[in-house]
Amino acid sequence: MNTPAARPRLPVGLTLLLCAAATPLNAQVVDRKERAQAPAEEAAPLLDREAIARTISKGLEYLLANQNADGSFGGIKNATFTTSFANPATFKCWQIGASALAVRSLLELGQSDAAHGAVERGLDFLVANAEPLRPADWDVDNNWAIIYGLDAVARALRDPRYAAGTARHDELRAAAAKQIQGLAKYQSPRGGWGYYADPNSGWRPDWATSFTTAAAVLALVEAKQSGLEVDEKVFRAGVKAVRMARLPNGAYDYEVSAVPGHLTLESINQVKGSLGRIQVCNLALYRAGDDIGTDQLARGLQDFVRDHKFLAVARNKPIPHEAYYANAAYFYLFAHYYAAQVLELLPADQRAPFAEFVQAGILDASQPDGSMWDFYIASNTKAYGTAFGILGLQRTLDATK
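Residues numbered from 1 in each chain as written. Predicted model: local features only at pLDDT ≥ 70, side-chain atom pairs only at ≥ 80, totals over all residues. Heavy atoms only, no water.

A.B. asks: Sorry if this is basic, but what is going on with the overall build of the chain here?
C.D. replies: Assigned secondary structure in the chain consists of 14 helices and 0 strands. Reading the helices (α) and strands (β) of the chain from amino to carboxyl end gives α-α-α-α-α-α-α-α-α-α-α-α-α-α. Across the 401 residues in the chain, those meeting the buried criterion constitute 61%. By sequence separation, contacts in the chain at least 24 residues apart represent 74% of the contacts at least 6 residues apart. Accessible surface for the chain amounts to roughly 14800 Å². Of this, 53% is attributable to carbon and sulfur atoms. (Helix = DSSP H or I, 4+ residues; strand = E, 2+ residues; numbered from the N terminus. Buried < 20%, exposed > 50% of the residue type's maximum accessible area, 1.4 Å probe, protein only. Contact = heavy atoms within 4.5 Å. Areas by Shrake-Rupley, 256 points an atom, 1.4 Å probe, with all protein chains shown as cover.)

The following block contains the structure:
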């Protein structure tokens with residue numbers, strides 16, 4: 001089997017349906033790109049807010065209609081040839097991560113009794129799976145389950161329904177403590193987190209990626225905000241690892257390493273190949289209180305707008321990293337989800353053009369059944385893709401009220 005560095009792959013946070021090749025940006029989207037790069041006062045109105053709200057509602061309906069009996073979402077069903085490297089434990093880790101994102105979206109956006117019931121069942125599943133098994137000596141996809149599981153549980157702890165004194169509150173705190181311990185256990189000596197490991201090294205994974213690490217840092221930020229105990233050494237090592245991966249051109253190295261590699265002209269570490277990583281890494285550094293300001297956040301969004309076609313052309317492609325600059329389909333909704341969170345941090349008068357562009361990109365991935373996807377690997381795909389999409393759309397609406 002290849003070494004981890006030779007086969008970069010992204011999170012559970014990004015697998016969806018096969019078929020259809022991604023369409024190039026049409027004239028309307030190109031026009032949005034021009035507006036996003038123009039001064040704020042020249043920006044045209046956002047897309048129809050009611051239409052965006054209907055898309056979010058359809059996404060929620062899709063999730064409610066597709067929750068499993070045990071409270072989970074997705075699973076090993078309808079797997080494709082691209083999953084040949086995975087074993088059942090890998091699929092379970094992806095399912096936990098996908099379920100966490102689905103629960104998080106229902107927790108944040110669901111208003112109905114049905115949504116509240118789905119959250120309760122989903123939290124039961126997450127609590128029961130707070131210590132996901134490592135799938136293999138070379139496979140630590142359990143990190144995705146821990147990261148997004150912690151994010152969902154930490155946010156649930158701030159919901160009034162699960163306030164201190166309730167039985168659910170104590171359950172959630174116990175689950176979060178296990179998840180935090182899991183991040184400490186699987187943290188690389190480099191300070192970051194990955195999803196593969198060298199099978200010939202010690203049990204502690206040595207390989208880490210910038211975007212997995214950034215997602216873990218953000219989960220730990222949420223844990224801290226929920227009053228959970230986080231080892232500051234673990235947290236600061238994670239922040240340092242993200243910072244180490246930052247390159248002078250605004251891109252982030254795929255890996256966490258002392259010396260950046262793969263810097264050829266069409267490398268995944270060029271800005272055009274880093275579009276799926278820039279937003280989450282910038283966001284993690286900013287929310288961790290590191291040395292990054294809103295000017296750098298804006299620069300990352302400008303890169304996202306300018307070079308978006310390199311993400312768009314990869315969407316729906318069945319083979320990872322087959323597109324220009326080694327972009328993979330599963331970078332797509334992941335990138336838009338974090339871009340939506342980044343634009344919230346900009347001054348209010350700078351948000352609208354970026355929000356419109358992010359909205360348009362997410363809508364391109366929406367399906368008639370209410371789901372969203374960018375890369376298919378198994379039925380986990382639509383669960384986390386839909387969650388990324390509707391959470392991103394809601395953030396763009398909130399940021400431009």
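A.B. asks: Just checking my understanding: could you explain the packing of helix α13 (residues 351–363) against helix α14 (residues 380–399) for this structure?
C.D. replies: The relative placement of two packed helices comes down to the angle between their axes together with the axis-to-axis distance. Close contact between α13 and α14 brings their axes to 9 Å; oriented N to C, the two are set at 160°. Our classification of the angle between α13 and α14 gives roughly antiparallel. Regarding α13 and α14, the two cross each other, and that crossing is left-handed. Counted together, Arg351, Ala355, Val358, Gln359, Ile362 and Leu363 of α13 and Gly389, Gly392, Leu393, Thr396, Leu397 and Ala399 of α14 form the full contact between these two elements. (Axes fitted to C-alpha atoms, helices over the stretch in contact; angles between N-to-C directions. Parallel < 35°, antiparallel > 145°, perpendicular 65-115°, else oblique. Left-handed = near helix turned anticlockwise from the far one by under 90°.)

A.B. asks: What's the story with unusual backbone geometry in this structure? I'm lost.
C.D. replies: Negative phi characterises most residues that are not glycine, and trans characterises most peptide bonds. Positive phi, close to 75°, is recorded for Asn316, a residue that is not glycine. Inspection of the secondary structure puts Asn316 in the loop between α11 (309–312) and α12 (332–343). Look at Asn316 and you get buried, because its relative accessible area is 5%. Positive phi outside glycine occurs at His321, with the angle close to 65°. Residue position: His321 is located in the loop between α11 and α12. Looking at His321, the relative accessible area reads 16%, which means it is buried.

A.B. asks: Looking at this model, I keep getting lost on the packing of aromatic side chains. Mind explaining?
C.D. replies: The way to describe two aromatic rings as a pair is by their centre distance and the angle between their planes. A full pass over the atoms with the stated rule returns 23 aromatic pairs. The interplanar angle of 85° and the centroid separation of 5.3 Å between the aromatic rings of Tyr195 and Trp207 together place this pair among those described as edge-to-face. Of this pair, Tyr195 sits in the loop between α6 (167–185) and α7 (210–225) while Trp207 sits in the loop between α6 and α7; the two residues are 12 residues apart in sequence, bridging distant segments of the chain. You can call Tyr195 buried: its relative accessible area is 0%. Between Phe211 and Phe334, the aromatic rings sit 6.5 Å apart at their centres with planes inclined by 80°, giving edge-to-face as the arrangement. Taken together, the residues Phe211 in helix α7 and Phe334 in helix α12 connect sequence positions 123 residues apart. Just as Phe211 is buried, Phe334 falls in that class too. Just above the ring of Phe235 sits the side chain of Lys224; from NZ or CZ to the centre is 3.8 Å. (Phe/Tyr/Trp six-rings, centres within 6.5 Å; stacked < 30°, edge-to-face > 60°. Lys NZ or Arg CZ within 6 Å of the ring centre and 35° of its normal.)

A.B. asks: Please clarify how the pattern of salt bridges should be interpreted in this entry.
C.D. replies: Under the definition given, this model contains 21 salt bridges. Ionic pairing is found between Arg104 and Glu108, a salt bridge with its closest N-O pair at 2.8 Å. On the criterion of helical spacing, the pair formed by Arg104 and Glu108 is a turn pair, its members being 4 residues apart in helix α3 (residues 88–109). Notably, a salt bridge pairs Arg236 with Glu232, separated by 3.3 Å at the nearest N-O pair. With a gap of 4 residues between them, Arg236 and Glu232 both fall in helix α8 (residues 232–245), about one helical turn apart. Its relative accessible area of 36% is what places Arg236 among the partly exposed residues. Taking the relative accessible area as the measure of exposure, Glu232 reaches 37% and is therefore partly exposed. Connected via shared salt-bridge partners are Arg104, Glu108, Asp151, Arg155, Arg158, Glu222, Arg287, Glu344 and Arg395. (Salt bridge = Lys/Arg side-chain N within 4 Å of Asp/Glu carboxyl O.)

A.B. asks: Can you help me understand empty space enclosed by the protein in this one?
C.D. replies: Summary: where empty space remains is shown by rolling a probe the size of a single water molecule over the atoms. Using the criterion set out here, one finds 2 cavities of 30 Å³ or more in the structure. Its boundaries defined by the atoms lining it, the largest cavity holds a volume of some 90 Å³. Lining the largest cavity are Ile147, Tyr148, Asp151, Arg155, Ala215, Leu218, Ala219, Glu222, Arg287, Tyr337, Tyr338 and Gln341. Elements with a minimum of two residues in the lining of the largest cavity: α5 (142–156), α7 and α12. For the lining of the largest cavity, the class distribution of residues is 7 nonpolar, 1 polar and 4 charged. (1 Å grid on protein atoms, 1.4 Å probe; cavity = no way out; pocket = protein on both sides within 12 Å on 5 of 7 lines; lining within 4 Å. Points joined across faces, edges and corners; volume = space filled by probe spheres on them. Nonpolar A, V, L, I, M, F, W, Y, C, P; charged D, E, K, R; others polar.)

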